[in-house]
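Chain by chain, the residues:
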Amino acid sequence: MASHDHRGGGGGVVIPYCERDLARAFDIRQRIGLLLVATGEHTAGQGQLQQLLFDAERAYGPYHPLPVDLRRALEHQRRLWRGS
């Protein structure tokens, strides 16, 4: 049975019922990060994507498509911020 505690300890978001499906949890976290960026919450979105990058690299390794996509998205955001 999954926990329903949404307080979350180490700064991450607790998503109930997803702990058994890491790929789904990572997908949800990526969507949250991208939505934050798209709605103007750039710092929060980049923080979410950066934390997800650390977790995805730890789980899958640095050459898996998810960390590669996350690095690309973060670099794109950094370029946009420098250009504005």
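One can find the structure itself at the top, above this paragraph.
Residues numbered from 1 in each chain as written. Predicted model: local features only at pLDDT ≥ 70, side-chain atom pairs only at ≥ 80, totals over all residues. Heavy atoms only, no water.

Student: Before we move on, can you summarise the side chain of Arg29 with the specific residues and values?
Tutor: Within the secondary structure, Arg29 sits in helix H1 (residues 22-38). The class for Arg29 is buried, based on a relative accessible area of 11%. (Helix = DSSP H or I, 4+ residues; strand = E, 2+ residues; numbered from the N terminus. Buried < 20%, exposed > 50% of the residue type's maximum accessible area, 1.4 Å probe, protein only.)

Student: Residue-level account of the nonpolar core, with values.
Tutor: Core analysis: the biggest nonpolar cluster contains eight residues, these being Phe26, Leu49, Leu52, Leu53, Ala56, Leu66, Leu70 and Leu74. For this core, the secondary-structure elements that each account for two or more residues are helix H2 (42-60) and helix H3 (65-83). Sort the elements by how many residues they give to this core and H2 lands first, with four residues. Setting aside its immediate chain neighbours within four residues, Leu74 contacts Gln46, Leu49, Gln50 and Leu53. (Core = buried A, V, L, I, M, F, W, Y, C linked by side-chain atoms within 4.5 Å. Contact = heavy atoms within 4.5 Å.)

Student: Describe the pattern of salt bridges, and please don't skip the residues or the numbers.
Tutor: For the structure on display, the rule yields seven salt bridges. Between Arg31 and Asp27 there is a salt bridge, and its shortest N-O distance comes to 3.0 Å. Linking Arg31 with Asp27, this pair stays in helix H1, spanning four residues, or about one helical turn. Residues Arg71 and Glu57 are paired through a salt bridge, measuring 2.5 Å at the closest nitrogen-oxygen approach. Placement of Arg71 in helix H3 and of Glu57 in helix H2 is noted, with a sequence separation of 14 residues between them. Of the residues examined, Arg71 reaches a relative accessible area of 30% and is grouped as partly exposed. (Salt bridge = Lys/Arg side-chain N within 4 Å of Asp/Glu carboxyl O.)

Student: Give me the packing of aromatic side chains: which residues, what numbers.
Tutor: Pairs of aromatic rings are described using the distance from one ring centre to the other and the angle between the two planes. Applying the stated criterion to the full structure yields one aromatic pair. With 5.6 Å between their ring centres and 90° between their planes, Phe26 and Tyr60 make a pair best called edge-to-face. Linking Phe26 in helix H1 with Tyr60 in helix H2, this pair joins segments that are 34 residues apart in sequence. Judged by its relative accessible area of 32%, Tyr60 is partly exposed. (Phe/Tyr/Trp six-rings, centres within 6.5 Å; stacked < 30°, edge-to-face > 60°.)

Student: Describe the packing of H1 against H2, with residues and values.
Tutor: Orientation of H1 relative to H2, taken along the N-to-C sense of each, is 155°, at an axis distance of 7 Å. Considering the angle they form, H1 stands roughly antiparallel to H2. Crossing handedness for the pair H1 and H2: left-handed. Taking contact as the criterion, the partners of Leu22, Ala23, Phe26, Arg29, Gln30, Ile32, Gly33, Leu34, Leu36 and Val37 in H1 are, on H2, His42, Ala44, Gly45, Gln46, Gln48, Leu49, Gln51, Leu52, Asp55, Ala56, Ala59 and Tyr60. Taken together, the residues of the contact of H1 with H2 break down into 13 nonpolar, seven polar and two charged. (Axes fitted to C-alpha atoms, helices over the stretch in contact; angles between N-to-C directions. Parallel < 35°, antiparallel > 145°, perpendicular 65-115°, else oblique. Left-handed = near helix turned anticlockwise from the far one by under 90°. Nonpolar A, V, L, I, M, F, W, Y, C, P; charged D, E, K, R; others polar.)

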